[in-house]
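# Close look at the chain arrangement
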Amino acid sequence: ATYKLQLSPELTTRGIHDAFHASLLRPHVANDDRRFPGRQLHQIPGFGDNPTEWAVDRIISHSGKGVNAEFEVQWSNGDVTWLPYHEVKHLEAMDAYCDAMGIT
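Our subject in this report is the structure included herewith.

Thresholds, definitions, all that
- Residues numbered from 1 in each chain as written.
- Predicted model: local features only at pLDDT ≥ 70, side-chain atom pairs only at ≥ 80, totals over all residues.
- Heavy atoms only, no water.
- Core = buried A, V, L, I, M, F, W, Y, C linked by side-chain atoms within 4.5 Å.
- Buried < 20%, exposed > 50% of the residue type's maximum accessible area, 1.4 Å probe, protein only.
- Helix = DSSP H or I, 4+ residues; strand = E, 2+ residues; numbered from the N terminus.
- Contact = heavy atoms within 4.5 Å.
- Phe/Tyr/Trp six-rings, centres within 6.5 Å; stacked < 30°, edge-to-face > 60°.
- Pairing = 2+ DSSP bridges.
- Salt bridge = Lys/Arg side-chain N within 4 Å of Asp/Glu carboxyl O.

## A word on the nonpolar core
- Counting 12 residues, the largest nonpolar core consists of Ile-59, Ala-69, Phe-71, Val-73, Trp-75, Leu-83, Val-88, Leu-91, Ala-93, Met-94, Tyr-97 and Cys-98.
- At the level of secondary structure, the elements contributing two or more residues to this core comprise β4 (70-75) and α3 (92-101).
- Broken down by element, the residue count for this core peaks at four residues, all from α3.
- Leave out the neighbours within four places in its chain, and Ala-93 touches Val-56, Arg-58 and Ile-59.

This is the structure in structure tokens:
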């Protein structure tokens, strides 16, 4: 059996199909904001009424050396993630981190 869902115009314009086979559907379980904060739709870059992208606030630390290094990045929304060098090498936060660490 195939089910047709009512999708928002935003999802339709992004090319999301509205028909799914029953085997691909699962019951919706609402997000528990106490266990998983920061998962609201408006916090996903590119979605919501005023889509925004989060900016890197600062680089906290790193692990590894050279192009194989990974950097602990704090985002403007407070989230912290690890990113490889090639994703942070162009950031102003990377320049500030290198200056703070005495890396030229």
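Picking up where we left off.
## Focus on the packing of aromatic side chains
- Counted by the stated rule, this structure contains two aromatic pairs.
- Considering the side-chain rings of Phe-71 and Tyr-85, the 6.4 Å spacing of their centres and the 45° angle between planes classify their relative orientation as tilted. Of the two residues, Phe-71 sits in strand β4 while Tyr-85 sits in helix α2 (residues 85-88), which places them 14 residues apart along the sequence.
- Its relative accessible area of 6% is what places Phe-71 among the buried residues.

## Examining the pairing of strand β5 (residues 80-84)
- With five bridges connecting them, β4 and β5 associate as antiparallel partners. Its bridge partner being in β5, Gln-74 is matched across the sheet by Val-80.
- Hairpin connection between β4 and β5: a loop of four residues separates the two successive antiparallel strands, and Gly-78 in this loop has a positive phi of roughly 100°.

## Here we look at the pattern of salt bridges
- On inspection of all chains with the given rule, the structure shows two salt bridges.
- Asp-18 is paired through a salt bridge with Lys-4; the nearest N and O atoms lie 3.7 Å apart. Of the two residues, Asp-18 is situated in the loop between α1 (9-13) and β2 (19-21) and Lys-4 in strand β1 (residues 2-4); the sequence distance between them amounts to 14 residues.
- Among the ionic pairs, Glu-10 bridges to Arg-14, the shortest N-O distance being 3.8 Å.

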